[in-house]
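These are the residues of each chain, in order.
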Amino acid sequence: MKWFASSLLLAAVLLAAPVHAAMPAQPSIKVTTLDGKPYDLAAERGHWVIVNFWATWCVPCIKELPDISQFVKTHPNVRAIGIAYDDTDPSDIRAFLDKHPVSFPVAQVTMDKPLKDFDEPLGLPTTYLIAPDGKVAKHFTGPVTSALLSAAIGK
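A.B. asks: A description of the overall build of the protein should follow, citing residues and the corresponding values.
C.D. replies: For the protein, the helix and strand inventory stands at four helices and seven strands. Across the 155 residues of the protein, 39% fall into the buried class. For the protein, the proportion of contacts with a sequence separation of at least 24, taken over those separated by at least 6, is 69%. With an accessible surface of roughly 8,900 Å², the protein has 62% of that area assigned to carbon and sulfur atoms.

A.B. asks: Provide a residue-level description of the sheet that holds strand 7 (residues 136-141), including the pertinent values.
C.D. replies: The strand order 5-4-3-6-7 describes an open sheet built from five strands, whose pairing is mixed. Edge positions in the sheet fall to strand 5 (106-109) and strand 7, since each has one partner strand and no second. The sheet shows a mean angle of 20° between the axes of neighbouring strands, taken without regard to direction. Pairing analysis gives four bridges linking strand 4 (residues 78-85) to strand 5, with the strands arranged parallel. Each residue of the ladder has a partner; that of A84, found in strand 5, is Q108.

A.B. asks: With reference to specific residues and values, describe the confidence of the model for the protein.
C.D. replies: Confidence along the protein averages 89 in pLDDT terms, with 86% of residues attaining 70 or more. Contacts of residues 2-20 to residues separated by more than four positions or lying in other chains number zero contacts, the stretch itself having pLDDT below 50.

A.B. asks: Would you mind going over the state of the cysteines in detail, with residue names and values included?
C.D. replies: This structure, assessed with the given rule, holds one disulfide. Paired through a disulfide, C58 and C61 show a sulfur-sulfur distance of 2.2 Å. The sign of the 75° torsion about the S-S bond sets the C58-C61 disulfide as right-handed. Looking at C61, the relative accessible area reads 0%, which means it is buried.

A.B. asks: Run through the packing of aromatic side chains, naming residues and quoting values.
C.D. replies: Scanning all chains against the criterion turns up five aromatic pairs. Geometrically, the ring pair formed by F53 and Y85 is edge-to-face, given 6.0 Å between the ring centres and 75° between the ring planes. Placement of F53 in strand 3 (residues 48-54) and of Y85 in strand 4 is noted, with a sequence separation of 32 residues between them. Residue F53 is classed as buried on the basis of its relative accessible area of 2%. With a relative accessible area of 6%, Y85 lands in the buried category.

A.B. asks: So what's going on with the pattern of salt bridges? Which residues, and what values?
C.D. replies: Taken as a whole, this structure holds two salt bridges when the rule is applied. Two residues, E44 and R79, come together in a salt bridge whose shortest N-O distance is 3.7 Å. You can see E44 sitting in the loop between strand 2 (38-40) and strand 3 and its partner R79 sitting in strand 4, a full 35 residues away along the chain. On the basis of relative accessible area, E44 is assigned to the buried category, the value being 17%. A relative accessible area of 28% places R79 in the partly exposed class.

What counts and what doesn't
- Residues numbered from 1 in each chain as written.
- Predicted model: local features only at pLDDT ≥ 70, side-chain atom pairs only at ≥ 80, totals over all residues.
- Heavy atoms only, no water.
- Helix = DSSP H or I, 4+ residues; strand = E, 2+ residues; numbered from the N terminus.
- Buried < 20%, exposed > 50% of the residue type's maximum accessible area, 1.4 Å probe, protein only.
- Contact = heavy atoms within 4.5 Å.
- Areas by Shrake-Rupley, 256 points an atom, 1.4 Å probe, with all protein chains shown as cover.
- Pairing = 2+ DSSP bridges.
- Axes fitted to C-alpha atoms, helices over the stretch in contact; angles between N-to-C directions.
- pLDDT = per-residue confidence, 0-100.
- Disulfide = S-S within 2.5 Å.
- Phe/Tyr/Trp six-rings, centres within 6.5 Å; stacked < 30°, edge-to-face > 60°.
- Salt bridge = Lys/Arg side-chain N within 4 Å of Asp/Glu carboxyl O.

Written as structure tokens, this is what we have:
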């Protein structure tokens, strides 16, 4: 009888849980950056790409942005795209970037319209490292550093 009750409880939980498709091994991103330019992750094949989800209100995000920017500047085979996962007005994000400039494009993705091929971040910052073949090589939750990125890339 206990087994039957446990099974019923498990079935109820599973039926009530939202269904999420698994993130593809080779995700895509097609967005318009805050400067109005199109960005297509597929165009970056052959390079490592840092996909960094952040927000203007996230203190650890603000702290890691210069590190990611510097890493991209000093590693010719590495690119980055910043995903401002933020419902803030785009002009406020642009003003934030004027005070905290980065060396890579930034696009805004609102919480009600997340990227279709990426899991919604469970916390910020969240970073995906995409290998030159377009596949996810590493997923980081929390701030990344140059040392973590170098170790993941092998440089």
